[in-house]
Amino acid sequence: MSTSVLEDHIAKTISFVKKELYQAEGGHDWFHVERVYKNAMHIAEKESVNLTVVALGALLHDIADSKFHDGDETVGPAKARTFLFEQNVDSAIIEDVVKIIEHVSFKGGNENEVFSSEELKVVQDADRLDAIGAIGIARTFNYGGFKNRKLFDPAIKPVLDMDKAAYKASTAPTINHFYEKLLLLKERMHTKTGRKIAEQRHQFMLEFLDQFYAEWDGRK
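Residues numbered from 1 in each chain as written. Predicted model: local features only at pLDDT ≥ 70, side-chain atom pairs only at ≥ 80, totals over all residues. Heavy atoms only, no water.

Draft legend 1. Spatial organisation of the side chain of E25. Its location among the elements puts E25 in the loop between α1 (3–20) and α2 (30–44). Looking at E25, its side chain comes within polar contact range of the side chain of H28, at 2.4 Å. Ignoring anything within four residues of it in the chain, the contact list for E25 reads F68, N142, Y143 and F146. (Helix = DSSP H or I, 4+ residues; strand = E, 2+ residues; numbered from the N terminus. Polar contact = N/O pair within 3.5 Å; in protein donor to acceptor, adjacent residues only side chain to side chain. Contact = heavy atoms within 4.5 Å.)

Following this line, the structure appears as structure tokens:
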């Protein structure tokens, strides 16, 4: 694909995503997608990947997150497929992008990955980076507020080995999400660039939790 054609596809995809996510929850809106896209293109610089697949996969990875569609995981892939087909994107690229959308999300600490590609690894790392660090903390509490969840309840312990169904059904306090997902992501990064960035963001979350518990207990 020529540079001009790719740039045209990216521009049209950005416009489409902005429109689709105009009123999205703050942690899964256009700005989240934009950060993931930037992360993905940065990571891709050091990887042997199809940049078209990475770019379109990153931009469309949350076009219809199942969390906001009654758990239906088919809406996003179908919407992306229809859009890309209308843009006359090559069918092989469409299939690769759809695979990314179907498999990019974290599905619980006990869930095994059933599909892999180098492009998926890049987009997955980029998406996971946006789930940790300062932005990750902000997104986690934003979603917890959106779902009216408790900040923390010492009596409700994190569950570290949830399967996909249990993970999706969980209504645990927001702090539990750190242990059930966020703090697990550093060890699940695929790329060298992703792992390097994740190290610093992981440490920031640990420091945040120390401060949170100290304030909760009245020690600071």
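Still more to cover.
Draft legend 2. Region of the structure containing the environment of A172. Position of A172 relative to the elements: it lies in the loop between α8 (164–169) and α9 (174–180). Each C-alpha atom of the pair A172 and I156 lies 7.4 Å from the other, and the pair is 16 residues apart in sequence.

Draft legend 3. Spotlight on helix α5 (residues 91–103). The first and last C-alpha atoms of α5 sit 19 Å apart over 13 residues, in line with the 18 Å expected at 1.5 Å per residue. Turning to α5, its buried residues are I93, I94, V97, V98, I100 and I101. For α5, the angular spread of the buried residues around the axis is 155°, confining them to a single face. Looking at the packing, one finds that the buried side of α5 touches α3 (51–60), α4 (75–86) and α6 (118–129). The opening residue of α5, the one whose side-chain oxygen lies 3.0 Å from the backbone nitrogen of A92, is D90. (Expected span 1.5 Å × (residues − 1). Buried < 20%, exposed > 50% of the residue type's maximum accessible area, 1.4 Å probe, protein only. Arc of directions from axis to C-beta.)

Draft legend 4. Layout of the packing of aromatic side chains. Under the definition given, this model contains 14 aromatic pairs. Aromatic side chains F152 and F212 sit 5.9 Å apart centroid to centroid with 80° between the ring planes, which places their arrangement in the edge-to-face category. Here F152, found in the loop between α7 (133–146) and α8, pairs with F212, found in helix α10 (residues 192–216); they are 60 residues apart in sequence, far enough to count as distant. A residue is classified by how much of its surface remains accessible, and F152, at 16% relative accessible area, is buried. Taken together, the ring pairs in this structure connect F141, F152, F178, F208, F212, Y213 and W216 into an aromatic cluster. The ring of F115 is capped by K99, whose NZ or CZ atom sits 5.5 Å from the centre of that ring. (Phe/Tyr/Trp six-rings, centres within 6.5 Å; stacked < 30°, edge-to-face > 60°. Lys NZ or Arg CZ within 6 Å of the ring centre and 35° of its normal.)

Draft legend 5. Summary view of unusual backbone geometry. Phi is positive for N88, close to 60°, though the residue is something other than glycine. Among the structural elements, N88 can be located in the loop between α4 and α5. Non-glycine residue N148 carries a positive phi angle of around 60°. Note on placement: N148 falls in the loop between α7 and α8. Its relative accessible area of 72% is what places N148 among the exposed residues.

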